[in-house]
Amino acid sequence: MTSLQAHSCVRSDQAHVLVHTIVEHMQEHELEPRQQGERWVLSYAGGLGSLWQEAGHIHLDITAPTLDALHDLKLILAHVVLDVTGSDDDALSWQGDGNALQRPPAFRLLRVLSIRDLTPHMRRVRFACHDLARYDQPDNIHCKLIFPQPGISEPQWPTLTSSGMPRFPEGDKRLDVRTYTIQAIDEKAGWMDVDFVVHADAGPGSAWASQATAGQTIGMSGPGGRTATPADWMLLAGDDTALPAMLRITASLPQHTRGHVFAEVQGPEDEQAVQTPPGLQWHWLHRADTEAGRSSLLQAALRSVTWPEPPASKFLWAGAEFQTAQAIRQWAKEEQGLEKHEQLIVAYWRHGQSESQFKSKAKSEPSSK
């Protein structure tokens, strides 16, 4: 099988130090580079990316079986190298295969097929899309949806910089990018479902979904975002924003799975039909007039649970507002003593901030892991 190849390098007076910082950064994001002599090598999607320092430069080499894998490795390496070195995007330019690409290989156009209100605050949109094989997988269940500004009939979709990073239009043609769960997908039939929380204080995604009509198009990139690791005993907790993920996770669990799911919504009218193994109990929590993200229902529910005795394997998954997620993370670590491989706790949103503001701030803050 023919291998695709690419090479780049970034000049730095601190190259010998920064290579180790880059490796640490990868490890913090659950990538696992391994050392081979003077090089660090990362395996990903059947390809190999390697980095090393020489003569005041950080060198990058990639070998991959497909354009998708090649570009994914370009993105991973370029992102971490530019971030750690503090270099501008144009400081890194790839040579070799894949340079003729005009758009990210992961980019897809989605066309609205149908719209259905599941509850007063949850709307399901079914999209048609060609070539969904990349997105139809059990491990990465989230995607980035790309929304044009209202009234823009001919959007300018992302292109690529010389580093392989996406370039987005600015001004009136700017695009809003938000993360969503792929609630259901059928690659062969060419469709996928996304559930949108609809609320008064609407961000770009919710606002778009509120007025969506059949035939409209938006963009998509991804996938990403780990899911829950199946275990003998599972504990899941989340608010409205995490509900699509919890519904997909529980529907795919083995029938012998036991445990509890706690889903916080506004009221009984926001409950949905669920599909779970017989031993996994689903509990609805109603916050009523309490503002979303301000209740302590999830924390209290988690504390009420009796955990199984070993040797049963266990896993905790939670998705909620930032402060709630932080509290659950602290409880899981300090009171329950869960290891890293036994939990995944995600802050889906943060009061008073858009997703881009929230994630930008998160990058600048020290990790709490």
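Here goes a summary of the coordinates provided. A quick note: this is a predicted structure, and the numbers were derived from the prediction, not measured.

### Some remarks on the overall build of the protein
Then, in step 1: Per the secondary structure count, the protein includes seven helices and 19 strands.
Then, in step 2: Over its C-alpha atoms the protein spans a radius of gyration of 22 Å, differing by no more than 12% from the 21 Å that the globule rule assigns to 369 residues.
Then, in step 3: Expressed as lengths along the three principal axes of its C-alpha atoms, the size of the protein is roughly 65 × 55 × 40 Å.
Then, in step 4: Accessible area of the protein: about 18,400 Å², with a carbon and sulfur share of 48%.
Then, in step 5: Looking at the protein, you have 33 positive and 45 negative side-chain charges, and the mean spots of the two groups are 2 Å apart.

### A look at the environment of Glu32
Then, in step 1: Tracing the sequence through the fold places Glu32 in the loop between helix H1 (15–28) and strand E2 (34–36).
Then, in step 2: For the pair Glu32 and Leu42, spaced ten residues apart in sequence, the C-alpha separation works out to 6.5 Å.
Then, in step 3: Among residues more than four places away in sequence, those in contact with Glu32 are Val41 and Leu42.

### Things to note about the pairing of strand E9 (residues 140–148)
Then, in step 1: Counting buried positions over the nine residues of E9 gives seven, a clear majority of the element.
Then, in step 2: For E9 and strand E12 (residues 175–186), the ladder comprises seven bridges, and the chain directions are antiparallel. Across the sheet, residue Cys143 finds its bridge partner in E12, namely Tyr180.

### Digging into the sheet that holds strand E16 (residues 258–265)
Then, in step 1: Reading across from one edge, E17-E16-E15-E18-E19 is the order of the five strands in this open sheet, with parallel pairing throughout. Every other strand in the sheet has two partners, leaving strand E17 (279–286) and strand E19 (343–349) as the edge strands with one partner each. Across this sheet, the average inter-strand angle for adjacent strands is 10°, counted without regard to direction.

### Quick word on the packing of H1 against helix H2 (residues 67–85)
Then, in step 1: Two elements in contact, H1 and H2, have axes separated by 10 Å at closest approach and are oriented at 125°. Here H2 runs oblique to H1, going by the angle between their axes. At the point where H1 passes H2, the crossing takes the right-handed sense. Contacts between H1 and H2 pair Leu18, Thr21, Ile22, His25 and Met26 from the former with Leu77, Val80, Val81, Asp83, Val84 and Thr85 from the latter.
Then, in step 2: Taken together, the residues of the contact of H1 with H2 sort by class into seven nonpolar, three polar and one charged.

### Observations regarding the pattern of salt bridges
Then, in step 1: This structure, assessed with the given rule, holds 13 salt bridges.
Then, in step 2: A salt bridge links Arg124 to Asp195; the nearest nitrogen and oxygen atoms lie 2.7 Å apart. On the criterion of sequence distance, the pair formed by Arg124 in strand E8 (residues 122–128) and Asp195 in strand E13 (residues 191–197) is long-range, its members being 71 residues apart. Neither residue differs from the other here; Arg124 and Asp195 are each classed as buried.
Then, in step 3: Salt-bridge contacts for Arg294 lead to Glu291; the nearest nitrogen and oxygen are separated by 3.8 Å.
Then, in step 4: Each of Asp68, Asp72 and Arg134 takes part in one network of salt bridges that share partners.

### Some words on the sheet that holds E12
Then, in step 1: Taken in spatial order, the six strands line up as E7-E8-E13-E12-E9-E14 and close into a barrel, and their pairing is antiparallel. Here the strands of the sheet are splayed against their neighbours by 45° on average, with no regard to which way each runs.
Then, in step 2: Bridge count between E9 and strand E14 (residues 217–226): five bridges; the pairing is antiparallel. Its bridge partner being in E14, Lys144 is matched across the sheet by Ser221.

Each value, and the rule that gives it
Residues numbered from 1 in each chain as written. Predicted model: local features only at pLDDT ≥ 70, side-chain atom pairs only at ≥ 80, totals over all residues. Heavy atoms only, no water. Helix = DSSP H or I, 4+ residues; strand = E, 2+ residues; numbered from the N terminus. Rg over C-alpha atoms; globule rule 2.2 N^0.38 Å. Areas by Shrake-Rupley, 256 points an atom, 1.4 Å probe, with all protein chains shown as cover. Lys, Arg positive; Asp, Glu negative; His and termini not counted. Charge placed at Lys NZ, Arg CZ, Asp CG, Glu CD. Contact = heavy atoms within 4.5 Å. Buried < 20%, exposed > 50% of the residue type's maximum accessible area, 1.4 Å probe, protein only. Pairing = 2+ DSSP bridges. Axes fitted to C-alpha atoms, helices over the stretch in contact; angles between N-to-C directions. Parallel < 35°, antiparallel > 145°, perpendicular 65-115°, else oblique. Left-handed = near helix turned anticlockwise from the far one by under 90°. Nonpolar A, V, L, I, M, F, W, Y, C, P; charged D, E, K, R; others polar. Salt bridge = Lys/Arg side-chain N within 4 Å of Asp/Glu carboxyl O.

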